[in-house]
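Structural features, examined
Next come the chains, spelled out residue by residue.
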Amino acid sequence: MKRFLQNGPHFSERLEAMQEKVLDWLKCGTAPRQLAFTLALGFAIGCIPLLGVTTAICALLAIVLRLNMPAIQAANWIAMPAQMVLLIPFLRLGQWLFRGQSISFNPKLLAAQIEAAPWHVLVQMSGLFGHALLAWLLMAGPALLLMTVLLTQLLHRVSRLAAVAAD
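Reading guide: rules and limits
Residues numbered from 1 in each chain as written. Predicted model: local features only at pLDDT ≥ 70, side-chain atom pairs only at ≥ 80, totals over all residues. Heavy atoms only, no water. Helix = DSSP H or I, 4+ residues; strand = E, 2+ residues; numbered from the N terminus. Buried < 20%, exposed > 50% of the residue type's maximum accessible area, 1.4 Å probe, protein only. Contact = heavy atoms within 4.5 Å. Polar contact = N/O pair within 3.5 Å; in protein donor to acceptor, adjacent residues only side chain to side chain. Patch = residues over 30% accessible without salt bridge, like charges linked within 9 Å, V, L, I, M, F, W, Y side chains within 5 Å. Areas by Shrake-Rupley, 256 points an atom, 1.4 Å probe, with all protein chains shown as cover. Salt bridge = Lys/Arg side-chain N within 4 Å of Asp/Glu carboxyl O.

Each helix and strand in the protein chain was counted, giving eight helices and zero strands. Counting helices and strands in the order they occur from the N terminus, the protein chain gives α-α-α-α-α-α-α-α. In the protein chain, which comprises 167 residues, the proportion classed as buried is 31%. When contacts within the protein chain are restricted to residue pairs at least 6 apart in sequence, long-range pairs at least 24 apart make up 69% of them.

Another point: helix α5 (residues 69-78). Of the residues making up α5, those classed as buried are A71, I72, Q73, A75 and N76. Two or three places before A71, at the start of α5, stands the capping residue N68, its side-chain oxygen 3.0 Å from that residue's backbone nitrogen.

A few words on a nonpolar patch on the surface. On the surface, W96, L97, F98, L134, L137, L138 and M139 cluster together to form a nonpolar patch covering roughly 690 Å² of accessible area. For the nonpolar patch, the elements supplying multiple residues, two or more each, are α6 (80-98) and α8 (118-166). At four residues, α8 tops the list of elements feeding residues into the nonpolar patch. Residue placement: L97 occurs in helix α6. Residue L97 is classed as partly exposed on the basis of its relative accessible area, which comes to 33%.

Here it is as structure tokens:
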């Protein structure tokens, strides 16, 4: 608890910096709804159960959809811990949805399988991650909608408070 209290000012400073960044994005002509969608999309993409591809996907979507690049990448990077936490649940959900052959998540057993039959494990893992990606797609749509609605409301409030503070 003592360590948490010592880090308190650092957290509040980070929170203030984040708040200022959001206000800067709102001041540069980004509507709260568009910024909310951008942040929600970056977070949703950041949770894809495929490691190492989310930054490129977010960059491509920002260019194609003309979204705020720093905002989508910030949300993507914020989502990285969630991506790691959700990796196994998405793999399990994919296995359950497609009733595929089960694969062990035991590192020693997996290493032994890779050593014995690397090509077989690669094929098995690619199918498993494909199923996990489809499981993510099922969850990402509703999550994106919910995050966009909630963030839109929050950003409208922040925008109003900033306007009042500026007067």
